[in-house]
Amino acid sequence: MEILQEILLGLCRLFLHPLTYIAILVTYFIGLARVKRERKHFRIRVFDFIYELRFLFWPGLALGLLLSIITITVGVVVPIGMIVLIGVLTFILSGPWTFRWLTPSSIIGLAVIVSLFLPKEAGNNTFTRWMREAGETNLSSLAILLALLVLAEGYLIWRYGSRATSPEIFKSKRGLPVGSHISQRLWLVPLFLLIPSEGFSAPFSWWPLLNINGQEFYFFFVPFSIGFFQRMKAMHPKQSVEFTGKRVLGLGIVTAVLAIPASFFPVFTVFIVLVAIIGREWISISQRLEDARLPFFFTQRKNGSIVLGVLPKSPADAMGIKVGEVIVRVNGEDIAGEQDFYQALQKNRALCKLEVLDLNNEIRLVQRALYDGEHHELGILFVEDHETSVG
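Nothing here was measured: the structure is a model prediction, and the numbers come from that model.

Okay, the side chain of arginine 37 next. The topology assignment puts arginine 37 in helix α2 (residues 18–42). Apart from residues lying up to four places away in sequence, arginine 37 is in contact with Ser166, Glu168 and Ile182.

In structure tokens, the structure reads:
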């Protein structure tokens, strides 16, 4: 009962942590920037500006509670000074130009590297005490924490990173319009950590105190921010993001295996940090190089018109049209572009019949009755010849 009570109290304390509100603000501005970009390219937003907030808490919260069982079981102890250092690095990497480094590999990795150069002498004020605590943090605990968060990052990217990616238009080297997709997410993964009672004053009298092998520890609920950014031009967004997620999961497994010897040789954590930082950066760079090497995925075609985006709750969404599918015939007419699509749509104002080449290269037929005004806008975004618009 006490553990359940502490979990509930921890969830409440999540909204007392400043990093939670920083994450909410960052996510809010990510949504505003995305809506501005979509309106610039398509004269309409695809998703509302708070859409990213729907992913901020839910998947990471459930995952964090699961990982907290591991951190408590294995005894991951992190002093308040290291938590403050991690919070400062999270704040710095939450900026618009540094967002892609808002990963566990960068945050925990940099925290470990910085801690190696912090003074170990005790001070009389809070700031110097925090520096000393951060410098004396058990490196084995940080190795375990790093491995768990990298695994969480890979899982979140794999399962949720490809949902509702945002389309955009850019010019190719030949001056032709080409489509791409952007996935930008921020997840909060709150973890329960053990904080040494020495040097930490509990803010409330009811704050639970644990005694482990003669040492006293407090429970502390820390929200870790995990950011993700990826632009996709040469692959379907779902395929590209899931591939990245699997690579990060692989890096997490490698980090977790390396964390085992770090439990006996804490200094080995420095090597684990280098592997995590270099490995995560290699994953990002290799994705961009592969994307630049392959031909464009969302480009104009002679036969049919590829779907760059589908507006939520639109007629096209109700018909099951998916991003990346190719519409080859409308009301029995072959099409090659948005203008052909629109003209063929006018031939039957009461019923829309589409022949769609799906992602498995199989033709399927979809149809739907049209109501007043719907024949002007089905909610499909195409790559246009001159300007972008909604089909």
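As enumerated under the stated definition, the model contains 11 aromatic pairs in all. Ring geometry for tyrosine 28 against phenylalanine 29: centres 5.4 Å apart, planes inclined by 70 degrees, an arrangement best described as edge-to-face. Take phenylalanine 29: its relative accessible area is 52%, and that puts it in the exposed class. With a centroid separation of 5.8 Å and an interplanar angle of 85 degrees, the aromatic rings of tyrosine 28 and phenylalanine 49 are classed as edge-to-face.

Right, let's get into the environment of serine 225. Considering the arrangement of structural elements, one finds serine 225 in strand β4 (residues 215–232). As a C-alpha pair, serine 225 and glycine 87 span 138 residues in sequence and 9.3 Å in three-dimensional space. For serine 225, the contacting residues outside a window of four places in its chain are Ala23, Thr90, Leu102, Ile107, Leu186, Trp187 and Leu188.

Formed by 72 residues in total, the largest nonpolar core has its most connected members in Met82, Ile108, Leu145, Trp187 and Phe224. With 12 residues, helix α8 (residues 139–160) is the single largest residue contributor to this core. Leave out the neighbours within four places in its chain, and isoleucine 108 touches Ile86, Leu142, Leu145, Leu146, Leu149 and Phe224.

For the rest of this paragraph, the subject is the pattern of salt bridges. One pass over the structure, following the stated rule, counts 14 salt bridges. Arginine 364 is the salt-bridge partner of glutamate 325, the closest N and O atoms lying 2.6 Å from each other. One end of the pair, glutamate 325, is in the loop between α11 (315–318) and β7 (326–330); the other, arginine 364, is in strand β10 (residues 363–369), and 39 residues separate them in sequence. Exposure remark for glutamate 325: the relative accessible area of 4% places this residue in the buried category. The exposure class assigned to arginine 364 is partly exposed, which follows from its relative accessible area of 23%. Ionic pairing is found between arginine 329 and glutamate 355, a salt bridge with its closest N-O pair at 3.2 Å. With arginine 329 in strand β7 and glutamate 355 in strand β9 (residues 351–357), the pair connects residues that are 26 residues apart, well separated along the chain.

Averaged over every residue, the pLDDT of the protein chain is 85; the share at 70 or more is 86%. Counting interchain partners and residues more than four positions distant, the pLDDT-below-50 stretch residues 202–207 has eight contacts. Of the regions scoring below 50 in pLDDT, residues 385–389 engages in 13 contacts with residues more than four places distant in sequence or in other chains.

To continue, consider the pairing of strand β2 (residues 177–196). With respect to burial, β2 is a largely interior element, 19 of its 20 residues being buried. Direction of pairing for strand β1 (residues 166–171) relative to β2: antiparallel, over a ladder of six bridges. Looking at the pairing, serine 166 lines up with isoleucine 182 of β2. Counting the residues that bridge the hairpin from β1 to β2 gives five residues, and of these glycine 175 lies at a positive phi of roughly 85 degrees.

Criteria and cut-off values
Residues numbered from 1 in each chain as written. Predicted model: local features only at pLDDT ≥ 70, side-chain atom pairs only at ≥ 80, totals over all residues. Heavy atoms only, no water. Helix = DSSP H or I, 4+ residues; strand = E, 2+ residues; numbered from the N terminus. Contact = heavy atoms within 4.5 Å. Phe/Tyr/Trp six-rings, centres within 6.5 Å; stacked < 30°, edge-to-face > 60°. Buried < 20%, exposed > 50% of the residue type's maximum accessible area, 1.4 Å probe, protein only. Core = buried A, V, L, I, M, F, W, Y, C linked by side-chain atoms within 4.5 Å. Salt bridge = Lys/Arg side-chain N within 4 Å of Asp/Glu carboxyl O. pLDDT = per-residue confidence, 0-100. Pairing = 2+ DSSP bridges.

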